[in-house]
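Okay, here's what each chain looks like letter by letter:
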Amino acid sequence: MESFTPFSALLGGGLIGLAAAILLLLNGRVAGVSGIVGDLLRPAGNDLAWRIAFVAGLIAGPIAYQLATGDWLSVTIDANTPSLIVAGLLVGFGTSLGSGCTSGHGVCGIARLSLRSMTATVVFMLAGMITVYAVRHVVA
Amino acid sequence: MRTVLASFVAGTLFGLGLTVSRMIDPAKVLGFLDVTGDWDPSLALVMVGALTVMTIAYRLVARRAAPLLADSFKIPTRQDIDGRIVSGAVLFGVGWGLVGLCPGPAISGLALGRYEVALFVPAMLVGMAVQRYGPWRN
């Protein structure tokens, strides 16, 4: 567990909770990223602008962080092109079919004590864990 | 216009949260999902932090008749657990475990200028469009 970063995890999580709280208090909307992004593909009325603004903010966040701290983010992505495309398709199709992802179900839904969101969160976390186990410890 | 600005502020805070917590790094997420390996419980604490704030906020906001800048709340009301939510969560979890990206960090990750994210996000959008417009649509 040498990579465990409890304080930045709690702080970052708190910011995510604050973001979801602001969107709910001001706009009455759920901060579920898959829904906000997915409904850009199927626009209903004058619903586009706030969704685009949220997406722009998601991208602006890490840029602002890097400019403010001078700490250029280095991330590790260990996946080849076919994996990236298959994973992207599965994440897109799955979150759309299951009406949400880590933010919509995992944060906003569980905060409402929604049994539906709790079920989805347990299921996608288990599926993710089983997948990582298979990729890292069975196939490799 | 004010709702658009509020939405941008919320999105920015969300992206900052993903950055500060390092959930923008797929290796960090895979470290959490790798429970039998060198397990990194950080993501669990991200959830604790987010849920602590949001659970309290929801209790307070839910007392209001309407949000501050809009006419009404748009909050899911469904309670049923059907095959769609379970199979959708399974497919999502498998994709998440393959690369370590879910929708939030994938979109925020576009800021990193990595070709991997630039491949993943369009594939994710295609997946969403296929579900929304295909015979499986809700």
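Rules behind the numbers
Residues numbered from 1 in each chain as written. Chains lettered and ligands numbered in written order. Predicted model: local features only at pLDDT ≥ 70, side-chain atom pairs only at ≥ 80, totals over all residues. Heavy atoms only, no water. 1 Å grid on protein atoms, 1.4 Å probe; cavity = no way out; pocket = protein on both sides within 12 Å on 5 of 7 lines; lining within 4 Å. Points joined across faces, edges and corners; volume = space filled by probe spheres on them. Helix = DSSP H or I, 4+ residues; strand = E, 2+ residues; numbered from the N terminus. Nonpolar A, V, L, I, M, F, W, Y, C, P; charged D, E, K, R; others polar. pLDDT = per-residue confidence, 0-100. Core = buried A, V, L, I, M, F, W, Y, C linked by side-chain atoms within 4.5 Å. Buried < 20%, exposed > 50% of the residue type's maximum accessible area, 1.4 Å probe, protein only. Patch = residues over 30% accessible without salt bridge, like charges linked within 9 Å, V, L, I, M, F, W, Y side chains within 5 Å. Areas by Shrake-Rupley, 256 points an atom, 1.4 Å probe, with all protein chains shown as cover. Salt bridge = Lys/Arg side-chain N within 4 Å of Asp/Glu carboxyl O. Contact = heavy atoms within 4.5 Å. Buried area = accessible area lost by both parts, 1.4 Å probe. Polar contact = N/O pair within 3.5 Å; in protein donor to acceptor, adjacent residues only side chain to side chain. Expected span 1.5 Å × (residues − 1). Phe/Tyr/Trp six-rings, centres within 6.5 Å; stacked < 30°, edge-to-face > 60°.

A. Representation of the layout of surface pockets. There is about 930 Å³ of room inside the largest pocket. As for the largest pocket, its lining consists of 31 residues, and the residues nearest its centre are G35, D39 and S99 of chain A together with P76 and R132 of chain B. Breaking the lining of the largest pocket down by element, the ones donating at least two residues are α2 (33-38), α3 (48-69), α4 (81-97), α5 (104-111) and α6 (115-139) of chain A together with α6 (115-133) of chain B. When its volume is computed, the second largest pocket comes out at roughly 250 Å³. If you trace the second largest pocket, you find 13 residues lining it, with R29, D47 and W50 of chain A together with T3 and A70 of chain B closest to the centre. Among the secondary structure elements, those contributing two or more residues to the lining of the second largest pocket are α3 of chain A together with α1 (2-20) of chain B. Tallied by class, the residues present in the lining of the second largest pocket amount to five nonpolar, four polar and four charged.

B. Spotlight on the confidence of the model for chain B. Residues at a pLDDT of 70 or more form 99% of chain B, whose mean pLDDT is 96. Predicted as a complex, the structure gets a pTM of 0.96 and an ipTM equal to 0.96.

C. Geometry of the nonpolar core. Ranked by size, the top nonpolar core spans 71 residues in total, and within it F54 of chain A together with F14, M54 and W96 of chain B carry the most contacts. The leading source of residues in this core is helix α3 (residues 42-61) of chain B, at nine residues.

D. Inspection of a nonpolar patch on the surface at higher detail. Among the surface-exposed residues, I85 and L89 of chain A together with V126, V130 and W136 of chain B lie close enough to one another that they form a single nonpolar patch of about 380 Å² accessible area. Elements with a contribution of two residues or more to the nonpolar patch: α4 of chain A together with α6 of chain B. Along the chain, the position of W136 of chain B falls in the segment after α6. Look at W136 of chain B and you get partly exposed, because its relative accessible area is 38%.

E. Highlighting the interface of chain A and chain B. Residue-level contacts link 107 residues of chain A with 110 residues of chain B. Summed over both sides, the interface between chain A and chain B buries roughly 9900 Å², with carbon and sulfur atoms accounting for 74% of that surface. Remark: the boundary between chain A and chain B carries five salt bridges. Note that R116 of chain A and D82 of chain B form a salt bridge whose closest N and O atoms lie 3.7 Å from each other. For the pair chain A and chain B, the number of links is 26 residue pairs in polar contact (both at pLDDT 80 or more). Where the side of chain A that touches chain B is concerned, the elements lending two or more residues are α1 (6-27), α2, α3, α4, α5 and α6 of chain A.

F. Up close: α6 of chain A. If you check α6 of chain A, its first and last C-alpha atoms are 34 Å apart, about what 25 residues at 1.5 Å a residue would give, namely 36 Å. All of the buried residues in α6 of chain A are R116, S117, A120, T121, V123, F124, M125, A127, G128, M129, T131 and V132 of chain A. Its buried side turned inward, α6 of chain A meets α5 of chain A together with α2 (26-33), α3 and α4 (83-99) of chain B.

G. Spatial organisation of the packing of aromatic side chains. According to the stated counting rule, one finds five aromatic pairs over all chains in the structure shown. Taken together, a centroid distance of 5.8 Å and an interplanar angle of 80° make the contact between F124 of chain A and W96 of chain B edge-to-face. Taken together, the residues F124 of chain A in helix α6 and W96 of chain B in helix α4 connect one chain to another. For the pair shown, F124 of chain A and W96 of chain B are each scored as buried. Among the aromatic residues, ring-to-ring pairing joins F124 of chain A together with F92 and W96 of chain B into one connected group.

H. Layout of the pattern of salt bridges. For the structure on display, the rule yields 12 salt bridges over all chains. As a salt-bridge pair, D40 of chain B and K28 of chain B come within 2.8 Å of each other at their nearest N and O atoms. Placement of the pair is D40 of chain B in the loop between α2 and α3 and K28 of chain B in helix α2, with a sequence separation of 12 residues. Put simply, R29, D39, D47 and R51 of chain A together with R132 of chain B are held in one network by salt bridges that share partners.

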